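Okay, here's what each chain looks like letter by letter:
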Amino acid sequence: MTTGSGIVSFERPYGYAEMIRDLERLREAYPTMNVTTIGASVMGKPLQAVRVGGGPKRVFANAAFHANEWITAPIAMRFVEEAARALRDGTPLLGRDAAELFSRVTLWTAPMVNPDGVELVLRGAGADHPHRAALLAWNGGSEDFSGWKANVRGVDLNDQFPAYWEVERDRRDVAGPGPRDYTGEAPLTEPEAQAIARFTEAKSFDAVVALHTQGREIYWNYRGAEPPESESLAARLSAVSGYEAVKLTGSDAGYKDWFIHRFGRPGFTVEAGFGANPLPLDRLPGMYDETSALLLELLLAYAESN
C-alpha cells in the first residue's frame, strides 16, 4: 500500500514544474539518488532521468509519453521516492529488502517524457504560448486540450520509433499534426523521442516498461522478436498487479516495440488504471498500489537473475 506522507503528492495535477520541484527536494533528501538530463523537449524543457541503486542489471521505467496520461508521472516519481527512502534508511521497499535488491539491480526512470504536452493538457495554450495559433488550429479551434496526447508539435511520441514505422503511419492514416495518432514525417523527428532512444542505446537496458493509461493491461510482445522469458515475466507482473497480460497485434512504432525489435530483450507497455483519459486524481492511490507492485516484481525478477 502507499505510504502516508512524502515529497511526491497525489493531491493535485502533476505538471513539469511540480516534477522539477520534487526532483530538487528528492536530491536533497536522498543524496545517493542521481538525476541527469538526457535531452530537451521542443520548448526546451530539460528531460530528466533518475537513477536509484547500483546493481549490474538495468531496468528502465518511463512515464507520460502521452500528454493526457500525465497521471503516470507522479506514479513513477512516488516509486522513485519510496525506493530511495528505503535504500537510505535500510528499510523494506513494499516488504522487500531494498539494500539487497538495489545491490543487484539499477532502476532508471524518466518520469515525464512529454512535458510540453503535459503542460498543454493541464494549463492550456494561453495568449503567451509560443505555439498558440498552431495548437488551436490543430485542436479544431478549441481551448480545451484535455484530450491531447501528442507533443507540442502535434506528433504522437509513441508512434515515433523505427519499428515498422511506415506500417504504423499507414494504419493511422493521419495526415498532419493534431491531438493524437500523427506519427510525424519520419521516425525520431521529435527531440523527446530522440532523447529516449539515445538514452536507451547508451544504457543498453536489460528490460524496459513504459507506463501509460488506461485499461489495466500489460503488453509484452512484438512481432515474435521478444525473448522467451517475456511471456513468463508478463505473467508475474499480471499476478501481482491484477492487470491482464495481453499478446498484442496490430501496433507498431511504439517505444516498447522498438526496444524489443532493437535489442531482443523484454519490454512492456503497462496501461494503468481504468476509465477515460485523463484519469481523475482520485484514482491515483489505487493505480499506484497496482503499478508499484508490478515495478517491484520486475526489479525482483532481474535481481534473481544475477
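Here goes a summary of the coordinates provided. (Residues numbered from 1 in each chain as written. Predicted model: local features only at pLDDT ≥ 70, side-chain atom pairs only at ≥ 80, totals over all residues. Heavy atoms only, no water.)

1. Things to note about the environment of Phe145
Then comes step 1: Within the secondary structure, Phe145 is located in the loop between helix 5 (132-138) and helix 6 (165-172).
Then comes step 2: Given a relative accessible area of 2%, Phe145 falls into the buried group.
Then comes step 3: Sequence spacing of Phe145 and Ala83 is 62 residues, and the spatial spacing of their C-alpha atoms is 34 Å.
Then comes step 4: Beyond its immediate chain neighbours, meaning those up to four positions away, Phe145 contacts Leu120, Val121, Gly124, Ala125, Leu135, Leu136 and Asn139. (Helix = DSSP H or I, 4+ residues; strand = E, 2+ residues; numbered from the N terminus. Buried < 20%, exposed > 50% of the residue type's maximum accessible area, 1.4 Å probe, protein only. Contact = heavy atoms within 4.5 Å.)

2. Quick notes on the sheet that holds strand 8 (residues 217-219)
Then comes step 1: Strand order across the open sheet formed by eight strands is 1-2-6-3-7-10-8-9, with mixed pairing between neighbours. In this open sheet, the two edge strands, each paired with only one partner strand, are strand 1 (34-40) and strand 9 (244-246). In this sheet, adjacent strand axes meet at a mean angle of 20 degrees when their direction is disregarded.
Then comes step 2: Across six bridges, strand 7 (residues 207-213) lies against strand 10 (residues 267-272) in parallel orientation. Across the sheet, Thr213 pairs through a bridge with Ala272, a residue of strand 10.
Then comes step 3: Sheet strands in contact with helix 7 (residues 191-203) are strand 1, strand 2 (46-52), strand 3 (57-63) and strand 6 (105-110), and its direction is about 130 degrees off that of strand 1.
Then comes step 4: Docked against the sheet, helix 9 (residues 255-263) engages strand 3, strand 7, strand 8 and strand 10, running at close to 165 degrees with respect to strand 10. (Pairing = 2+ DSSP bridges. Axes fitted to C-alpha atoms, helices over the stretch in contact; angles between N-to-C directions.)

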